[in-house]
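# Residue-level structural notes
Take a look at the letters that make up each chain.
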Amino acid sequence: MLDLRSFVIGFILMLKKFTIININIYEEPRDGDYVNGIILLPILGFILGFFASFISSFRLFYDGYFVSIFVFVYYCTITKTVNLIDSYKTLNYMIKPKNYSEQIAGIIGIVVMSLLYVSLIKLVNVKVLMIAFVSGYSGLIILSRLIQRDKQGTSIMKYCSNYIIISTFIISFALAILINHKLVIPLALTYMISGFVINIIDKKVPVLPYSVEGFIIELIQLLFLIITYLLKIK
């Protein structure tokens, strides 16, 4: 039987984890609530993308780069830059900096990612943003099976059973079809290419840093935007 209460609490937990929205829960959450919240991560991505698309639509009246910067600021604000911070930490972990000066690689990586976001948000159709954030959260779950390392240090991937993966896969493609059926192709390509990259990372990195999940989310979202632009999806 569908436990609506558990899904609501789980969604609130995901909001608290990935956004600035902090809703008080007046009862102790259970592990099942958190797991049900993970299933709803594509919905969270869709909501974030919906508002990003709404802001991006103002490019009809204002300069495209100005609007795309505003959309990126919205994204950073609403998500507390949690995924970008995780990306910075992961990049530094992968190059194993010995001192502060060697962390410049992580800084450069975040700057490049930020510039890509601003440019791609301007170039792609406004509706694409609705699915871009869906792809990031969904891809993290769907591709978790490719990681053979111990995932106990992660907060999402360790809970990703076959049931969660299949549910997320269906939800992500259903949302893509709902917005624009043409987005199914770049979404599928994104998952396939991301899987190849994650498989390489899994072989190269002996221990997964706890911050790897945010890095994977950002990687997939940017890849989806790039592929969508290259395919000229309108």
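What this report covers is the structure whose coordinates are included nearby. (Residues numbered from 1 in each chain as written. Predicted model: local features only at pLDDT ≥ 70, side-chain atom pairs only at ≥ 80, totals over all residues. Heavy atoms only, no water.)

### Digging into the overall build of the protein
- The helix and strand inventory of the protein stands at ten helices and zero strands.
- Order of helices (α) and strands (β) in the protein, N terminus to C terminus: α-α-α-α-α-α-α-α-α-α.
- For the protein, the C-alpha radius of gyration of 17 Å lies close to 17 Å, the compact-globule estimate for 234 residues.
- Its C-alpha atoms give the protein principal-axis dimensions of about 50 × 45 × 35 Å.
- Burial analysis of the protein (234 residues in total) assigns 50% to the buried set. (Helix = DSSP H or I, 4+ residues; strand = E, 2+ residues; numbered from the N terminus. Rg over C-alpha atoms; globule rule 2.2 N^0.38 Å. Buried < 20%, exposed > 50% of the residue type's maximum accessible area, 1.4 Å probe, protein only.)

### So, unusual backbone geometry
- In this structure, K80 is a non-glycine residue whose phi angle is positive, near 60°.
- Tracing the sequence through the fold places K80 in the loop between α4 (64-78) and α5 (82-95).
- Here K80 falls in the partly exposed class, since its relative accessible area comes to 36%.
- One non-glycine residue, K232, lies in positive phi territory at about 60°.
- In this structure, K232 sits in the segment after α10 (212-230).

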